[in-house]
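Descriptive analysis of the structure
Listed below are the residues making up each chain.
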Amino acid sequence: QVQLVESGGGLVQAGGSLRLSCAASGRTFSSYAMGWFRQAPGKEREFVAAISWNGGSTFYTDSVKGRFTISRDNAKNTVYLQMNSLKPEDTAVYYCAARTGWHIAPDPATYDYWGQGTQVTVSS
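Right, let's walk through the structure included here.

So, how was this worked out
Residues numbered from 1 in each chain as written. Predicted model: local features only at pLDDT ≥ 70, side-chain atom pairs only at ≥ 80, totals over all residues. Heavy atoms only, no water. Helix = DSSP H or I, 4+ residues; strand = E, 2+ residues; numbered from the N terminus. Rg over C-alpha atoms; globule rule 2.2 N^0.38 Å. Buried < 20%, exposed > 50% of the residue type's maximum accessible area, 1.4 Å probe, protein only. Areas by Shrake-Rupley, 256 points an atom, 1.4 Å probe, with all protein chains shown as cover. Lys, Arg positive; Asp, Glu negative; His and termini not counted. Charge placed at Lys NZ, Arg CZ, Asp CG, Glu CD. Core = buried A, V, L, I, M, F, W, Y, C linked by side-chain atoms within 4.5 Å. Contact = heavy atoms within 4.5 Å.

Let's talk about the overall build of the protein
Assigned secondary structure in the protein consists of zero helices and eleven strands. In sequence order, the secondary structure elements of the protein are arranged as β-β-β-β-β-β-β-β-β-β-β. Relative to a compact globule of 124 residues, whose C-alpha radius of gyration would be 14 Å, the protein shows 13 Å and is just as compact. Overall, the protein is about 40 × 25 × 25 Å in size when its C-alpha atoms are taken along their principal axes. Counting only residues that meet the buried cut, the protein has 43% of its 124 residues in that class. Within the structure as shown, the protein displays about 6,300 Å² of accessible surface, and the carbon and sulfur contribution to it stands at 47%. Each charge sign in the protein was given a centre, from 11 positive and 9 negative side chains, and these centres are 6 Å apart.

In structure tokens:
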């Protein structure tokens, strides 16, 4: 069992930056690939970024490539999402998720544990 708690969301102007954190409970954090997803009002949850168990592989959705960076610190049981050059269309609730196994994947159905989300609002 893994519990995930996101933090770092907030209100920022377009062009600004935020860093989201996701703290995981348990001693097996390094056994999980991790992902970030987001859901805007009236839209389905969408994949943002993922990272393998050791941080050796990362994957991003096209709309955030070059602007967002996912990373993890297994010693701190934490995964991060650094978001730069934010746009109003990035406004959403951001969720972190854990996926059993070493490999990353964009499909939310393959993730086993989810946090409660943190709101990110980007004003124009």
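Now, onward.
Quick word on the nonpolar core
One finds L4, M34, W36, L81, M83 and Y94 to be the most contacted residues of the largest nonpolar core, which totals 30 residues. Counting only elements with at least two residues in this core, the list comes to β3 (18-24), β4 (32-39), β5 (46-51), β7 (68-73), β8 (78-83), β9 (92-100) and β11 (118-123). Sequence-distant contacts of L4, that is, excluding residues within four places in its chain, are made with C22, A23, A24, M34, C96, A97, A98, Y113, W114, G115 and Q116. Listed in part, the five residues of the second largest apolar core include F37, A50, A97 and Y111.

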